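# Breakdown of the fold
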Amino acid sequence: MEFIKPEESIILSVLSATVDFPTCESIRMSQLVDKTGERTLAVVTKSDKAPDGLHEKVMADDVKIGLGYVCVRNRIGDESYEEARMKETTLFQTHPLLKKIDKSMVGFPVLAKKLVQIQANIISKRLLKG
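Right, let's walk through the structure included here. (Residues numbered from 1 in each chain as written. Predicted model: local features only at pLDDT ≥ 70, side-chain atom pairs only at ≥ 80, totals over all residues. Heavy atoms only, no water.)

## Focus: the overall build of the protein chain
Each helix and strand counted, the protein chain has 4 helices and 3 strands in total. Going from N to C terminus, the protein chain has its helices and strands arranged as β-α-β-α-β-α-α. When the backbone C-alpha atoms are referred to their principal axes, the protein chain occupies close to 45 × 30 × 25 Å. The burial tally for the protein chain puts 37% of its 130 residues in the buried class. In the protein chain, the proportion of contacts linking residues at least 24 apart, taken out of those at least 6 apart, comes to 71%. Approximately 8000 Å² of the protein chain is accessible, and the part contributed by carbon and sulfur atoms is 57%. Of the side-chain charges in the protein chain, 20 are positive and 18 negative, and the distance between the mean point of each set is 2 Å. (Helix = DSSP H or I, 4+ residues; strand = E, 2+ residues; numbered from the N terminus. Buried < 20%, exposed > 50% of the residue type's maximum accessible area, 1.4 Å probe, protein only. Contact = heavy atoms within 4.5 Å. Areas by Shrake-Rupley, 256 points an atom, 1.4 Å probe, with all protein chains shown as cover. Lys, Arg positive; Asp, Glu negative; His and termini not counted. Charge placed at Lys NZ, Arg CZ, Asp CG, Glu CD.)

As structure tokens, then:
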């Protein structure tokens, strides 16, 4: 809790696609300190393990994730980073259920870009406050 309490902290709530989002521990913790969800970004792992209903879960946003969701596929076994990213891209482009998720919400490159944008916004706000 000490790391997510400060208002300048980005809360990266990592949850498995296999769990019920509203009852997930990381979501509940973030809601204690970020009631509106404006500092919380949800990273949904294991998207390939539970594709049924995932599109609906991230679009419904029943738990108020202000910074949105990013769905990813974890590396499996001894896959290199590059192999894992190629398989992730293929998964979200070809899987009948997962390809319905907007491309702005899938993949590690999207996650990295979002984090950079969020951090830049925080720095900009801090500088303007002086």
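## Considerations on the packing of aromatic side chains
In this description, a pair of aromatic rings is defined by centroid distance and the angle of the planes. Scanning the model with the defined rule gives 1 aromatic pair in all. One Lys or Arg, Arg 85, reaches over the ring of Tyr 81 and ends 5.0 Å from the middle of that ring. (Phe/Tyr/Trp six-rings, centres within 6.5 Å; stacked < 30°, edge-to-face > 60°. Lys NZ or Arg CZ within 6 Å of the ring centre and 35° of its normal.)

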